[in-house]
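Inside the fold
Each chain, letter by letter, is given below.
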Amino acid sequence: GTITDANGRTLSGQTVDAFWNSVAHARPLSVGLNCALGANEMRPHIRTLAGVADCYVSTHPNAGLPDEMGEYIDSPEMMADIIKEFAISGFVNFVGGCCGSTPTHIRVIAEAVEGLAPRKPGEHRGFTCLSGLEPLEIKEGHLFVNVGERTNVAGSRRFAKLIKNKKYEKALEVARQQVENGAQVIDIN
């Protein structure tokens, strides 16, 4: 995933938790964050990912954000110190660099984390985790989840007709209306 702003959203607008929920079903060997922000700005987001992921975690941040001349400003030592702290904190298994990283950056980062214990993947969380732009987690004791079922071709003749006639914008209106009426989850079939 790529965090594109200080609010911690991916390119598609998801939070880090929602991003994890959208890929967790595939049971990945590793999940990570790269690019966009410098290592220092990546910290809260990689910490969040490490807190929810039950697989290995990687990070490959930019060498800072480019200045007005397009030059990346984080030195190899600066990046290495920050990424070393990620490793000491138990956030990551794989590390590297993205935009602006030079072979020197990668060498200094590798030297900084050499010999440190890798992160131990967390346990599977054991409850239903869904995603949109925000996560929806259905845990034991969760009283009610409102599921919009009007976007199901097997259960709604109107929706089936819209899909069959390739009237996708009108079909999208059906889903939007369900959300506006309180649906937390949309059943799309």
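In what follows, the accompanying structure is described. Note that the structure is a prediction, hence the values are computed from the model and not measured.

Applying the stated rule across the entire model yields zero disulfides. We note that Cys 55 lacks a disulfide partner, and the nearest cysteine sulfur, in Cys 129, lies 13 Å from it.

Okay, the packing of helix H3 (residues 76–88) against helix H4 (residues 103–113) next. Between H3 and H4, whose axes approach to 8 Å, the crossing angle comes to 35 degrees. Relative to H4, the crossing made by H3 is right-handed. For the pair H3 and H4, the contacting residues are Pro 76, Glu 77, Met 79, Ala 80, Ile 83, Lys 84 and Ala 87 in the first and Thr 104, His 105, Val 108, Ile 109, Ala 112 and Val 113 in the second. Tallied by class, the residues present in the contact of H3 with H4 amount to nine nonpolar, two polar and two charged.

A word on the pattern of salt bridges. For the structure shown, the criterion picks out six salt bridges. A salt bridge links Glu 134 to Arg 9; the nearest nitrogen and oxygen atoms lie 2.5 Å apart. Of this pair, Glu 134 sits in the loop between strand E4 (128–131) and strand E5 (135–138) while Arg 9 sits in the segment before helix H1 (16–23), and the two are 125 residues apart along the sequence. Taking the relative accessible area as the measure of exposure, Glu 134 reaches 43% and is therefore partly exposed. Overall, Arg 9 belongs to the partly exposed group, its relative accessible area being 23%. Note that Arg 125 and Glu 137 form a salt bridge whose closest N and O atoms lie 2.9 Å from each other. With Arg 125 in the loop between H4 and E4 and Glu 137 in strand E5, the pair connects residues that are 12 residues apart, well separated along the chain. Through salt bridges with shared partners, one network takes in Arg 125, Glu 137 and Lys 139.

As summarised here, the arrangement of the three strands in space is E1-E2-E3, forming an open sheet in which the pairing is parallel. The outermost strands of the open sheet, each flanked by one partner alone, are strand E1 (30–38) and strand E3 (94–95). The sheet contact formed by E1 and strand E2 (residues 56–62) spans seven bridges and is parallel. Within the sheet, the bridge partner assigned to Val 31 lies in E2 and is Val 57.

Turning to the environment of Leu 136, a few remarks are in order. Inspection of the secondary structure assignment puts Leu 136 in strand E5. According to the relative accessible area criterion, Leu 136 is buried, its value standing at 16%. When the C-alpha atoms of Leu 136 and Glu 173 are compared, they prove to be 22 Å apart, with 37 residues separating the residues in sequence. Residues contacting Leu 136, with those up to four places away along its chain left out, are Asn 21, Thr 128, Cys 129, Leu 130, Val 145, Gln 184 and Val 185.

As a further point, take a positive patch on the surface. On the surface, a cluster of positive charge is contributed by Arg 158, Lys 161, Lys 167 and Lys 170. As for its position among the elements, Lys 170 is in helix H6 (residues 168–180).

Packing of helix H2 (residues 39–52) against H3 brings their axes to within 9 Å, and their N-to-C directions diverge by 15 degrees. What the angle tells us is that H2 and H3 run roughly parallel. Considering how the two elements wind past one another, H2 and H3 form a crossing that is right-handed. Residues Ala 39, Asn 40, Met 42, Arg 43 and Ile 46 of H2 touch H3, and the partners they reach there are Ile 82, Ile 83, Glu 85 and Phe 86. Looking at the contact of H2 with H3, its residues break down into six nonpolar, one polar and two charged.

The rules behind each value
- Along each chain, numbering runs from 1 in the same order as the chain's sequence is written.
- Only residues with pLDDT of at least 70 are given local features in this predicted model, and only at 80 or more are side-chain atom pairs given and counted; all residues enter the totals for whole chains, interfaces and linings.
- With hydrogens and water excluded, all non-hydrogen atoms of the structure serve as input to the side-chain values.
- Two cysteine sulfurs form a disulfide in these notes if their separation is within 2.5 Å.
- An axis is simply a line fitted to the C-alpha atoms; with a helix, the fit covers only the stretch in contact. Between two such axes, the angle follows the N-to-C directions and lies from 0 to 180 degrees.
- Each helix is a run of DSSP H or I of at least 4 residues and each strand a run of E of at least 2, with the numbering of both proceeding from the N terminus.
- Crossing handedness: left-handed means the near helix sits turned counterclockwise from the far one by under a right angle, and right-handed means the same turn made clockwise.
- The contact definition used throughout considers only heavy atoms, calling two residues in contact when any of these lie within 4.5 Å.
- Each residue receives one of three labels: charged for Asp, Glu, Lys and Arg, nonpolar for Ala, Val, Leu, Ile, Met, Phe, Trp, Tyr, Cys and Pro, and polar for the others, Gly being one of them.
- Any Lys or Arg side-chain nitrogen found within 4 Å of a carboxyl oxygen on Asp or Glu counts as a salt bridge.
- The buried label applies to any residue whose accessible area, calculated with a 1.4 Å probe on protein chains only, is under 20% of its type's maximum; exposed applies above 50%, and partly exposed to all values in between.
- Being paired, for any two strands, means DSSP has found at least two bridges between them.
- Each patch is built from residues lacking any salt bridge and having more than 30% relative accessible area; the joining distance is 9 Å for like charges and 5 Å for nonpolar side chains (Val, Leu, Ile, Met, Phe, Trp, Tyr).
- Per-residue accessibility takes into account occlusion by the displayed protein chains alone, with areas from the Shrake-Rupley method and a 1.4 Å probe.
- In this count, Lys and Arg are taken as positive residues and Asp and Glu as negative ones, while His and the chain termini are left out.
- By convention, charge coordinates are those of NZ in Lys, CZ in Arg, CG in Asp, or CD in Glu.
- By definition in this entry, angles of less than 35 degrees are roughly parallel, angles greater than 145 are roughly antiparallel, angles of 65 to 115 are roughly perpendicular, and the rest are oblique.

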